Each structure stands twice: as C-alpha cells, then as structure tokens.
Amino acid sequence: MTDSPAPASQQSWLIWKPTTWRRIGSDLAYILPGFFVSLASFTALTGLFTLGIGTFIIWVGLPILIACLTTARWFAGVNRAALRRWAGTIPPVHYRTPHKYSIGGMFKNVTDPQLWKDFIHGFLVSFPLRTATFCTAITFLAATAGGLTQWFWMRFLPPGNTNLAELIGLDTYLGVSSETVEAWFGLAYGAVFLLLLPFIIRALALADAATSRALLTNETAALRARTEGLTVSRAQVVQEEASTLRKIERDLHDGPQQRLIRLQMDVEAAQRQMESNPDGARALMDGALEQSREALAELRQLSRGIAPPLLADRGLRAAIESLAAKSAVPVTVNGSLVHGARLAESAENAAYFVVSEALANVSKHSGARTATVTVDAQSAELLIQVSDDGDGGAHVGKGHGLAGLVDRLSGVDGSLEISSPEGGPTALRSSIPLNG
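Residues numbered from 1 in each chain as written. Predicted model: local features only at pLDDT ≥ 70, side-chain atom pairs only at ≥ 80, totals over all residues. Heavy atoms only, no water.

So, on to the overall build of the protein chain. The secondary structure content of the protein chain amounts to 15 helices and 5 strands. Here the analysis covers contacts within the protein chain between residues at least 6 apart in sequence; of these, 70% occur between residues at least 24 apart. As displayed, the protein chain has an accessible area near 24,300 Å², and 62% of this comes from carbon and sulfur atoms. (Helix = DSSP H or I, 4+ residues; strand = E, 2+ residues; numbered from the N terminus. Contact = heavy atoms within 4.5 Å. Areas by Shrake-Rupley, 256 points an atom, 1.4 Å probe, with all protein chains shown as cover.)

In structure tokens, the structure reads:
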C-alpha cells in the first residue's frame, strides 16, 4: 500500500516544468488551510479541556471532557481527509467501540488511546507546527514574488527611501544608480527563492504529513482489532458448524432414521401377511409408503444445511439455479457468473447458503409473488442480491432465519446488507471477497 507521494528520485524539480508548479500548488493547498483548521482546533479544545478539568471534581467535567475528545476526533477526521487528498492513501485508524453514556461508560470512553492522540495533535502539536509552516511558506512566497517584481513596485516607494544597494554602497562600487542595482538584486534573490520554493514547500508538507500520520493513524491497532474480530468470527463459525452437525445428527436419529426403521418393520410385516392376509399386507404397504414420503421430506429439509454435490460438481451458478427451481416462489437467476465458472470453495459454499437461506425466507415469510437472484463475479469480490416483491419487514435479528448468515459470512470476510421496509420490496445484498 502506498501511503505517500512518489519518491523524490522519481520527481522532476525543474522550475519550468508544469508538474513542478502543480506539485507546489498541491502542497500549498494542503499546508495553508491546515493552519486555519489547527487554529480552530486549538481554540475549541483549549476551552473544552480547561472547562472539563476545572469542573471534573463535581462530575460535570466528565461529559465536557467526553465532548472535548469527540471534538478532537472530529478535527482529526478533517485532518485525515486533507492528508488523504494530498497523499492518496493513508494508514487505517482504529477507535474502541464506544460505551453507553453512563458514568462507568464515560470513564471507559475516555481511556481510548486514539482519542487522546487526536487531542494531542489538535491541542499541542498541530497549532505551533502549522503556525511555523504557514509563516515559512508565506515568507518564501512573498520573498519570491517580491524579489522578482521589485523592479516594478520600487518606483512607488516614498521619495528619499534608502534602499539596500545604496546603504551598502553597491551602487558606487558598480558605478550605476542605486535603483538599477536594487532591481537586479531583487531579481537575484527572487530567483534563488524561486529555485528553493519547491523543496521548501515540499519539506513543510512532508513534516506536517509525518506528524499527522504518527498521531492520527494507528495501523497496528487497526490490524490488531481486525485480527481479533476475524478470530472471534471464525470461532463463531466453527462453533456454529459444530452445532449444526450435532443438530443434523440428532434430527437424523429422531426423524428419518426412526421412520426408516418403521418402514422396514412394516415391509417385513407385509411380506409375512402377503399370502395369509392380503388386505392387511396392503394396509401395511400403504403405511410404509407414507413413512417413506415423510422420511424423504425430512431428508430434504435437513439437506438445506449441507452443500449439495451439484455445487461441487457443476459450480455455483448451477447450484443456485437448482435452488431457484425448487423454490415455492418463481425465481429468476441472472448476473455475470456463468455456468462452469469456479470460485474458491469457501466463497462458493458461503454464497450457496446465503441464497438458500434467503430463498427459504422468501418462500416462508415474504408473501412474494416473484423473486430475483443476481450473482456477479468481479475480480476481487462476489456480489449477490436476492430481491422479492413481498411484504417486507425482514431483518437479521436474533432468532430469525437470516441471523446465522452474518456469522457465516464473517468467517470469509463477507458482509450482509438488508433493505426491507414494511410493505416491501426486500433486497438482500452480500459481498464475499475473492482473494484466494
């Protein structure tokens, strides 16, 4: 990941190059507005922090301190946005999950280290640094412009003004008028400042950017939090898979297995009565047929939690079309994923169960007349949308059929979004990374 502009070795600093002036403009657009942001930040945080500390002993200061840190976070967001526009990309930032605004929750909120780094940047660091940066940049710009145009504006100075060339006797030494020497002297130092300008402005921008990166980003903490989140989500997925397997085992034992045993006993009894009691044998065979139908129905219900052989043999598109064909609601399947296209096994399994659970929810609860499944395979992610024209009201709350999809998708770094207002329509959207 690139977190800074191109290295100096790849940049041209020739002053007559248009890219040099564009780079100067970009750097100035970053550092000059930053001074005013830091001024506002310093002013706001100074007032809030001193008021919060001064009233902390009577507990009023605690919410004021929270407001101070929240304000610091807002200014940090402004600074990060400016840095991102200038540098292109910046390291990530991580904040702890905020607690409820009870006394204990507020005490926990003020212990977030990133909030204090934001405060230090906005209260102690950025204002003096950017004041110096702003003054230096303005000085160099003024010296450059003033020197290069001195031959023009010096004629408007008050009469009797003693210029530098006359003061040091340079006009007498060269044998020309002091105005001429002063004009050439201005052009000389203006040209020097002009040649130095790209380097000075870039150095000021880099110093400000380095400070902002150090205090306003925390890539290590962000990666650690992401790792912890993935560890928890994967543990939940493993636990859910184990629980699902145990449930399937219990359901097989209590349902289809018992029915098949009963079926076997009825068939054996019918065989024994085939000659002596044909009517009784026929009744037993009718009961056995009903047992076989119920066992088949239960097996089909249980198979919804298991990836079908069709998915492994012919791919995701064929498996989704099979689900659509079995749905009680007419389903149209479209999208860029073609027949025979193979994806990572984990992505295919997750996508199959998303569509399976979504269509089951459509059939059972939506009251829809039609549904559509769209599957688009892009270079970096698999996008799935299941929409219907039903009554709406679907959500992933605990106890609902869609709740398990969030944990299943988190195990493959996927995401789930549901739009289902009362009265419909409903659209379930899922994104699954395809990184291998």
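When the UniProt feature table is mapped onto this chain numbering, "transmembrane region" (unreviewed entry) sits at residues 28-50, 56-76, 132-153 and 183-205. Secondary structure content for residues 28-50 is 100% helix and 0% strand, while the C-alpha to C-alpha distance between its ends is 33 Å. Structurally, residues 56-76 is divided into 76% helix and 0% strand, and its ends, taken at the C-alpha atoms, are 24 Å apart. (UniProt positions renumbered as here; feature names shortened; annotations may be inferred.)

A word on the confidence of the model for the protein chain. Per-residue confidence for the protein chain gives a mean pLDDT of 79, with 78% of residues at or over 70. Every residue in residues 1-10 is under pLDDT 50, and counting partners more than four places away or in other chains gives 17 contacts. (pLDDT = per-residue confidence, 0-100.)

This part takes up the pairing of strand β5 (residues 426-433). Here β5 lies mainly inside the structure; 6 of its 8 residues are buried. Note: strand β3 (residues 381-388) against β5, 8 bridges, orientation antiparallel. From the neighbouring strand, leucine 382 faces β5, where its bridge partner is isoleucine 432. In terms of strand pairing, strand β4 (residues 415-419) meets β5 through 5 bridges, oriented antiparallel. If you follow isoleucine 418 over to β5, its bridge partner there is leucine 428. The turn joining β4 and β5, which pair antiparallel and follow one another in sequence, is formed by 6 residues; a positive phi near 95 degrees is taken by glycine 423. (Buried < 20%, exposed > 50% of the residue type's maximum accessible area, 1.4 Å probe, protein only. Pairing = 2+ DSSP bridges.)

On to the nonpolar core, then. In this structure, Leu316, Val373, Val375, Leu382, Ile384 and Ile432 are the most contacted members of the largest nonpolar core, which totals 32 residues. Elements represented by at least two residues in this core include exactly α13 (316-326), β1 (331-334), α14 (345-366), β2 (371-377), β3, α15 (403-410) and β5. Beyond its immediate sequence surroundings of up to four residues, valine 375 is in contact with Leu316, Ile320, Asn334, Gly335, Ser336, Leu337, Leu382, Leu383 and Ile384. Counting residues in each nonpolar core, the second largest holds 18 residues, with Ile24, Ile31, Phe35 and Ala137 among its members. (Core = buried A, V, L, I, M, F, W, Y, C linked by side-chain atoms within 4.5 Å.)

Here we take up the pairing of β1. What you see with β1 is a clean split: Val331 and Val333 sit on the buried side and Thr332 and Asn334 on the side with no burial. One ladder, built from 4 bridges, connects β1 with β2; its direction is parallel. Each bridged residue has a counterpart across the sheet, and for asparagine 334 the counterpart in β2 is threonine 374. Between the parallel elements β1 and β2, the chain passes through α14 in a crossover that is left-handed. (Right-handed = clockwise from strand over helix to strand, strands pointing away.)

To continue, consider the pattern of salt bridges. Pairing is possible between side chains that carry opposite charge, provided their charged atoms lie close to one another. Scanning all chains against the criterion turns up 7 salt bridges. Aspartate 208 is the salt-bridge partner of arginine 130, the closest N and O atoms lying 2.7 Å from each other. Here arginine 130, found in helix α4 (residues 113-148), pairs with aspartate 208, found in helix α8 (residues 178-216); they are 78 residues apart in sequence, far enough to count as distant. In this pair, the class of arginine 130 matches that of aspartate 208, namely buried. (Salt bridge = Lys/Arg side-chain N within 4 Å of Asp/Glu carboxyl O.)

Here we take up the sheet that holds β3. The strand order β1-β2-β3-β5-β4 describes an open sheet built from 5 strands, whose pairing is mixed. Both outer strands of the open sheet, β1 and β4, are each paired with one neighbouring strand and no more. Taking the axes of each pair of neighbouring strands and ignoring which way they run, one obtains an average angle of 10 degrees across the sheet. Set on the sheet, α13 makes contact with β1, β2 and β3; between it and β1 the angle comes to about 170 degrees. (Axes fitted to C-alpha atoms, helices over the stretch in contact; angles between N-to-C directions.)

The end-to-end C-alpha distance of α14 is 30 Å, a good match for the 32 Å that 22 residues give at a rise of 1.5 Å each. Glycine 367, located one to two residues past α14, shows a positive phi value of around 70 degrees. (Expected span 1.5 Å × (residues − 1).)

Bringing the packing of aromatic side chains into the picture now. Applying the stated rule across the entire model yields 15 aromatic pairs. Geometrically, the ring pair formed by phenylalanine 49 and phenylalanine 123 is tilted, given 5.8 Å between the ring centres and 45 degrees between the ring planes. Of this pair, phenylalanine 49 sits in helix α1 (residues 18-54) while phenylalanine 123 sits in helix α4, and the two are 74 residues apart along the sequence. Of the residues examined, phenylalanine 123 reaches a relative accessible area of 15% and is grouped as buried. Taken together, the ring pairs in this structure connect Phe42, Phe49, Trp116, Phe119, Phe123 and Phe127 into an aromatic cluster. Positioned above the aromatic ring of tyrosine 95, the side-chain terminus of arginine 73 is 3.7 Å from the ring centre. (Phe/Tyr/Trp six-rings, centres within 6.5 Å; stacked < 30°, edge-to-face > 60°. Lys NZ or Arg CZ within 6 Å of the ring centre and 35° of its normal.)

Bringing the environment of leucine 382 into the picture now. Mapping leucine 382 onto the fold places it in strand β3. On the accessibility criterion, leucine 382 (0% relative accessible area) is buried. Along the chain, leucine 382 and leucine 343 lie 39 residues apart, while their C-alpha atoms are 9.1 Å from each other.

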